[in-house]
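For reference, the chains in residue letters:
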Amino acid sequence: MTDILSLPPEILNRILDYLPLRELSSVCLTCKKLRDVVYVDSVWQKKCKQEYNFKSIEGWNVNYRTLYSKVLRPYGDLVGFWRRDFRCYGGLLQVKYDKGCIKGLEVLAPASSRVDRPLRKKDMFIISMTSSENVQVVSVHSFPEKKEEGEDGDEEEELEEGKGEQRPCLLRVEQDEIEGRVLEYKVTDANFILQKEGLINHPVFRRWIAEELEDDPYAEMYLNCVLRKGVTYLLSRQEYRWFPLELPSKYRVNVPIQPGLFKGTYSAHGIEILSLDYNDDLTEVTVTKITGDPNVPASEISLFGDLTSPLVLTAEQQENLDSLTAVPEHHAMEQSGSTVRQPFRIPEHFSDRDNRYIPEFCTFRCRAKGRIAGHSFMTPCFSKGHFIVFDESKFGMVWLELTAFSIYFRVDENELKD
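Residues numbered from 1 in each chain as written. Predicted model: local features only at pLDDT ≥ 70, side-chain atom pairs only at ≥ 80, totals over all residues. Heavy atoms only, no water.

**Student:** Looking at this model, I keep getting lost on the overall build of the protein chain. Mind explaining?
**Tutor:** A tally of helices and strands in the protein chain yields nine helices and 18 strands. Looking at the protein chain alone, contacts between residues at least 24 apart form 55% of all its contacts between residues at least 6 apart. (Helix = DSSP H or I, 4+ residues; strand = E, 2+ residues; numbered from the N terminus. Contact = heavy atoms within 4.5 Å.)

As structure tokens, this is what we get:
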């Protein structure tokens, strides 16, 4: 019988690939030869890739074994997307590997009314290693950004809010009885905490408002909602809670539009981030809010379309509300596949401030319902409408009872790459 110690190191390495960390620790205690084999960096490189999808050690200045034990074991499971538990507003966090660190980024909807613009990303925290191979977690959150040189403002405040400044912070994962894992973040620097008294005159608040409105022609329409959100957001900027977010599966067969993340317009509330997906039997498309507002909060269904009730309408049938509501309950012309090119028009007297984005043709239309509610999600109900697909990057909602139209743009994959 062959003694395992007589096997070549490369064969022993292959065997050790199958052992969990606890067993590897035990192997190290058996003899010097096996300990030396366990300490070979290629063993740990494979474990980093297999268990945490970690691909490059560039910038870390440590070996794979140290990285695995000190960084990836406690923090590697954070990589991915998380939804913020933040009153009605919600939020989105992306944790990803970067050169020499694990970085957390706050993902925000585009500022102003430009739904075609990319998502904004703001660095929140960095997990890295010091020269003495100790792990450090720091906050680098500086939203709103530091003002440009030459702007008026408090010089002392600018030093406090400097972009890229590192502050101590706590980052830990707890277990929630209902939601499961919860990621908690807290800045411990008292100078970073804002007080409600005098906030609206604070330089940070003024910069936040300026960045959110960004010379928008519809700024007056958004102003009250932005002011209210700004107060709530900035008073809690030192403390966040997130729950894991599972993104929709990337591909479905025979559906009018593929699942994914989208950005959509919501009247005075501005642009929000949503997730589009389907039920198991592909009879219904559902759009769920990742960010929300005081009327319909985050995590609630915003709209759903009934794929079993497709519609093919003429331009004349879309002239006004009366002609649309006169369409029979089941009005589908013969069509092959899940889509058919047909004209699209915004009915007369419908609000459509985003008409610069609206094509003249769509590829799919069906009956739908959209969620509406009073302030603080009072008396929520579903309002009738039509779900419209223009192409793989855009869909819309015709809100019949609200006489309004909303358009939604897909979040480009390049915006979400690691």
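**Student:** Explain the sheet that holds strand β6 (residues 167–176) here, please?
**Tutor:** Strand order in the closed barrel formed by eight strands is β1-β2-β3-β4-β5-β6-β7-β8, with antiparallel pairing between adjacent strands. Within the sheet, the average angular offset between the axes of one strand and its neighbour, ignoring direction, is 35°. Pairing between strand β1 (residues 80–84) and strand β2 (residues 92–98): four bridges, direction antiparallel. For Arg 83, the partnering residue across the bridge sits in β2 and is Leu 92. (Pairing = 2+ DSSP bridges. Axes fitted to C-alpha atoms, helices over the stretch in contact; angles between N-to-C directions.)

**Student:** How should I be thinking about the packing of helix α7 (residues 203–213) against helix α8 (residues 219–235) in this particular structure?
**Tutor:** Helix-helix packing is described using two parameters, namely the angle between the two axes and the distance between the axes. Contact geometry for α7 and α8: axes closest at 10 Å, N-to-C directions at 135°. By the angle between their axes, α7 is oblique relative to α8. With respect to the hand of their crossing, α7 and α8 are arranged in right-handed fashion. In contact with Val 204, Phe 205, Trp 208, Ile 209, Glu 212 and Leu 213 of α7, α8 contributes Ala 219, Tyr 222, Leu 223, Val 226, Leu 227, Lys 229, Gly 230, Val 231, Tyr 233 and Leu 234. For the contact of α7 with α8, a count of residues per class yields 13 nonpolar, one polar and two charged. (Parallel < 35°, antiparallel > 145°, perpendicular 65-115°, else oblique. Left-handed = near helix turned anticlockwise from the far one by under 90°. Nonpolar A, V, L, I, M, F, W, Y, C, P; charged D, E, K, R; others polar.)

**Student:** So what exactly am I meant to see when it comes to the pairing of strand β9 (residues 260–265) here?
**Tutor:** Along a regular strand, successive side chains alternate from one face of the sheet to the other. With respect to burial, β9 is a largely interior element, six of its six residues being buried. As defined by bridge partners, β9 adjoins strand β10 (residues 271–278) across six bridges and the pair is classed as antiparallel. Across the sheet, Phe 262 pairs through a bridge with Leu 274, a residue of β10. The loop that links β9 with its antiparallel partner β10 comprises five residues; one of these, Ser 267, has a positive phi angle of about 50°. Here three bridges tie β9 to strand β18 (residues 404–410), and the two strands are oriented antiparallel to one another. Residue pairing in the sheet places Gly 264 in a bridge with Tyr 408 of β18. (Buried < 20%, exposed > 50% of the residue type's maximum accessible area, 1.4 Å probe, protein only.)

**Student:** Got a minute to help me understand the pattern of salt bridges in this structure?
**Tutor:** Pairing between side chains of opposite charge can happen when the charged atoms of each approach one another. Within this structure, the stated rule accounts for 19 salt bridges. Between Lys 103 and Asp 123 there is a salt bridge, with its nearest N and O atoms 3.7 Å apart. Remark: Asp 123 occurs in strand β4 (residues 120–129) and Lys 103 occurs in strand β3 (residues 101–108); sequence separation between them is 20 residues. On the basis of relative accessible area, Lys 103 is assigned to the buried category, the value being 14%. (Salt bridge = Lys/Arg side-chain N within 4 Å of Asp/Glu carboxyl O.)

**Student:** Would you take a moment to explain the pairing of strand β17 (residues 394–399) for this structure?
**Tutor:** By the criterion of burial, β17 is predominantly enclosed, with six of the six residues buried. Residues Lys 394, Gly 396 and Val 398 point to one face of β17 and Phe 395, Met 397 and Trp 399 to the other, with burial holding for every one of them. The pairing of strand β16 (residues 378–391) with β17 spans six bridges and is antiparallel. Considered in β17, the bridge of Gly 385 is made with Trp 399. Connecting the antiparallel pair β16 and β17 is a turn made up of two residues. Hairpin geometry of β17 and β18 is characterised by an intervening segment of four residues between the two adjacent antiparallel strands and by a positive phi of about 45° at Thr 403.

**Student:** Looking at this model, I keep getting lost on the sheet that holds strand β12 (residues 301–310). Mind explaining?
**Tutor:** Two modes of strand pairing occur in sheets, parallel and antiparallel, and in both the strands are linked by backbone hydrogen bonds. Strand order in the closed barrel formed by eight strands is β9-β10-β11-β12-β15-β16-β17-β18, and the pairing between neighbours is antiparallel. Strand-to-strand twist in this sheet, taken as the mean axis angle between neighbours without regard to direction, amounts to 30°.

**Student:** What is the right way to read the environment of Asp 277 from this model?
**Tutor:** Mapped onto the secondary structure, Asp 277 falls in strand β10. Placed 25 residues apart in sequence, Asp 277 and Arg 252 show a C-alpha to C-alpha distance of 9.3 Å. Apart from the residues lying within four places of it in its own chain, the contact partners of Asp 277 are Pro 248, Ser 249, Arg 252, Pro 259, Glu 284, Val 285 and Thr 286.

**Student:** Which parts of the structure should I look at to understand the environment of Leu 223?
**Tutor:** In this fold, Leu 223 is placed in helix α8. By relative accessible area, Leu 223 is classed as partly exposed at 33%. Remark: the alpha-carbon pair of Leu 223 and His 269, spanning 46 residues in sequence, is separated by 9.2 Å.

**Student:** It is not clear to me how the packing of aromatic side chains should be interpreted in this structure. Could you clarify?
**Tutor:** Describing an aromatic ring pair means giving the distance of the ring centres and the angle of the ring planes. For the coordinates displayed, the defined rule picks out 21 aromatic pairs. Geometrically, the ring pair formed by Phe 54 and Tyr 97 is edge-to-face, given 5.0 Å between the ring centres and 90° between the ring planes. Taken as a pair, Phe 54 in the loop between α4 (41–52) and α5 (64–75) and Tyr 97 in strand β2 lie far apart in primary sequence, 43 residues in all. Across this residue pair, the class does not change: Phe 54 and Tyr 97 are buried. One aromatic cluster is present, built from ring pairs that chain together Phe 262, Tyr 266, Phe 387, Phe 395 and Tyr 408. The aromatic ring of Tyr 240 is capped on one face by Arg 84, whose charged end is 3.5 Å from the ring centroid. (Phe/Tyr/Trp six-rings, centres within 6.5 Å; stacked < 30°, edge-to-face > 60°. Lys NZ or Arg CZ within 6 Å of the ring centre and 35° of its normal.)

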